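# A structural walkthrough
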Amino acid sequence: MMYPVDLEQFWKDDEIAHRDNCFFEQAPQVSLGILMSSECVFAELGEEGDPWGSEPRERRIELNKRYNDKAEKIVGRRLLPETFAPEDSAFPAIKGIGEVFGGTYSWGKNTGAWLHSPIKTPQALEKMLDDVDKLDLREFILPPNWESEKKRIFEIHGTKPHVWRGVRGPVTLATSIYGAENLIYLYYDVPELYERFSDTIRRVILGIAEIMDVEAGQSPVGFSFADDDSNLLTPEMYEKFGYPVLKGVFERYSPNPADYRYQHSDSAMGHLLPILGRLNLTGCNFGPTVLVDEIRKYMPRTRIDGCLAPFTFMRNDPNAIIAEVKRDCEMIKNTKGLNLTTAGSINNGSSLESMRVVMYAIQQYGRY
C-alpha cells in the first residue's frame, strides 16, 4: 500500500521546518531527518554487497543512481550522491584515536571497524598513558607520505585536508581500550588513574583537532561525539570521566551559544540527561528508549534527532512506524525542535516505502 503523501507540499514545508535548527516559530510541521543512507541500496535493489564495506567507485555510482530513480518515484527526492571526488584526490588516512591509545582496528564483513586492545590491568593502562604523554602526536598520526601527498593533491585538485570535528566518545573509546567492567572497577579501585585516563583522552582529542586545523589551514567551530557506551556509567562515574572531555572540547571548539555541540549515544542513557543538559547541546541523537518528553526536560533548546527505533524502521511495519512517529510528534508540539529520524543508524533493509510512511505520519500528526 502506497501511503498518500502530498510530496510537493511536504518538501516545501520541510525546508521551512529546518530553519533555526528546527525551532522556527512559523514551521508548518515537524522536520524530517531520515534521508536514508548508502547502506540501504542493497536490500532495496536486491543486490549483493557489504553495507559497511566499500564498493568500486563506478558500481557505487550505478547503485546510487538506480536507488535514486526509485526514491524519486516513492518519496519525491533523489537522496544519495551520484558524483564522487576523483580517487586520486583522497588524502592518506591518519591514525585513529584508538591507535594513539595502543589499540588496533579490524574490519569485518557487515560489521565495520572494531577497536581491539591488549590493555587489561591498571598497570598496563598507566604505562600506556605514560607512553601517550611522551608521544609526538603529529609524527604518530600522520603517515610517512603525508607531505608529498598533500602537496600533490593540492597542485592537481586545489584541495586541502579536512578538519577533524567528530570522534568516538570518551566512554566508548575507554571501554574499547580497557574493557567496560575494567573501567567501572577502575572508578572504585584507582580513582586517580580513572580521572587521568579521561584527562588524557581530552588532551589527545584537542591535540589531533589542532594538528588537522594546521594541515587544513582553518579552524571552524563545532564538534560532535558518538558515545554509545556512555550508558554503562552511573551519573557519578560519567561526571568524572565523560563530562570533562565534552566540556573541555566544547569550550575550545564551540564557545558560543549557537556553535555546533552534538552528542550521539544510541543507548539507554537517559540517566545521564541532567549532566548532558549542562553542555547546552545544539543537537542530540539518543537511544529509542530515551524519548522526546524526557530529553526536553533537560535540553529545552536542543534539536532532537529521533526517536524512531531503528529496528522499527528496518522491519518496515507501517503501523508500528506510524505509532512511534505519532508519539514523537505529539510530544514535541509545544516546544518544536524535533528532527524526525531514527534513534541510531539507518540500516540496510530499511525501505523507501517506510520513509514514505514516516512522511505520511508527519503530514497527518506532525502539523504545528
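Structure: above.
Structure report, in brief.

The rules behind the values
Residues numbered from 1 in each chain as written. Predicted model: local features only at pLDDT ≥ 70, side-chain atom pairs only at ≥ 80, totals over all residues. Heavy atoms only, no water. Helix = DSSP H or I, 4+ residues; strand = E, 2+ residues; numbered from the N terminus. Rg over C-alpha atoms; globule rule 2.2 N^0.38 Å. Buried < 20%, exposed > 50% of the residue type's maximum accessible area, 1.4 Å probe, protein only. Contact = heavy atoms within 4.5 Å. Areas by Shrake-Rupley, 256 points an atom, 1.4 Å probe, with all protein chains shown as cover. Lys, Arg positive; Asp, Glu negative; His and termini not counted. Charge placed at Lys NZ, Arg CZ, Asp CG, Glu CD. Expected span 1.5 Å × (residues − 1). Pairing = 2+ DSSP bridges. Arc of directions from axis to C-beta. Axes fitted to C-alpha atoms, helices over the stretch in contact; angles between N-to-C directions. Polar contact = N/O pair within 3.5 Å; in protein donor to acceptor, adjacent residues only side chain to side chain. Parallel < 35°, antiparallel > 145°, perpendicular 65-115°, else oblique. Left-handed = near helix turned anticlockwise from the far one by under 90°. Nonpolar A, V, L, I, M, F, W, Y, C, P; charged D, E, K, R; others polar.

The secondary structure content of the protein chain amounts to 17 helices and nine strands. Against the 2.2 N^0.38 benchmark of 21 Å for 368 residues, the protein chain shows a C-alpha radius of gyration of 22 Å, consistent with a compact globule. C-alpha extents for the protein chain along the principal axes are approximately 60 × 50 × 35 Å. The burial tally for the protein chain puts 50% of its 368 residues in the buried class. The long-range share in the protein chain, meaning contacts at least 24 apart out of those at least 6 apart in sequence, stands at 71%. Just so you have it, the protein chain exposes about 17000 Å², and 52% of that area is on carbon and sulfur atoms. One way to put it: in the protein chain the 42 positive side-chain charges average out to a point 3 Å from where the 54 negative ones average out.

Over its 26 residues, helix α11 (residues 191-216) runs 38 Å from end to end, which matches the ideal 38 Å to within 8%, given 1.5 Å per residue. Directly after α11, the chain includes Gly 217, whose backbone phi takes a positive value near 75 degrees.

Time to look at the pairing of strand β9 (residues 338-342). Most of β9 sits out of view: five of its five residues are buried. With two bridges connecting them, strand β1 (residues 31-32) and β9 associate as parallel partners. Counterpart to Ser 31 in the pairing with β9 is Asn 339.

In this model helix α6 (residues 122-134) runs 19 Å from its N-terminal to its C-terminal C-alpha over 13 residues, within 8% of the 18 Å that 1.5 Å per residue would give. Taken as a whole, α6 has its buried residues at Leu 125, Met 128, Leu 129 and Val 132. For α6, the angular spread of buried residues about the axis comes to 100 degrees, placing them on one side. Opposite the packed face of α6, turned more than 90 degrees from it, sit the exposed residues Gln 123, Lys 127 and Lys 134. Contacts made by the buried residues of α6 are with α5 (97-100), α9 (170-178), α10 (180-189) and α11.

Mapped onto the elements, Ser 198 comes out in helix α11. Residue contacts for Ser 198: discarding those within four places in its chain leaves Lys 240, Phe 241, Pro 244 and Val 245.

What follows concerns the sheet that holds strand β4 (residues 166-168). The parallel open sheet is built from seven strands, whose spatial order is β1-β9-β8-β7-β6-β5-β4. Edge strands, defined here as strands with exactly one partner in the open sheet, are β1 and β4. The strands touched by α9 are β4 and β5 (223-226); relative to β4, the strand with the most contacts, the crossing angle is about 40 degrees.

For Ser 354, the location among the structural elements is in helix α17 (residues 352-365). Judged by its relative accessible area of 2%, Ser 354 falls in the buried class. Looking at Ser 354, its side chain comes within polar contact range of the side chain of Asn 316, at 2.7 Å. Residue contacts for Ser 354: discarding those within four places in its chain leaves Phe 313, Asn 316 and Ile 321.

Another point: the environment of Cys 307. On the secondary structure map, Cys 307 appears in strand β8 (residues 303-308). Considered as a pair, Cys 307 and Lys 160 are 147 residues apart in the sequence and their alpha carbons are 37 Å apart. The residues contacting Cys 307, other than those within four sequence positions of it, are Pro 288, Val 290, Leu 291, Val 292, Ile 295, Glu 324, Arg 327, Asp 328, Thr 341 and Ala 343.

Right, let's talk about the packing of α6 against α11 for a bit. Orientation of α6 relative to α11, taken along the N-to-C sense of each, is 30 degrees, at an axis distance of 11 Å. The orientation of α6 relative to α11 falls into the category roughly parallel. Seen from above, α6 lies across α11 with left-handed handedness. Here Pro 122, Leu 125, Glu 126, Met 128, Leu 129, Asp 130, Val 132 and Asp 133 of α6 come into contact with α11, specifically with Leu 193, Arg 196, Phe 197, Thr 200, Arg 203 and Val 204. Here the residues of the contact of α6 with α11 sort into eight nonpolar, one polar and five charged.

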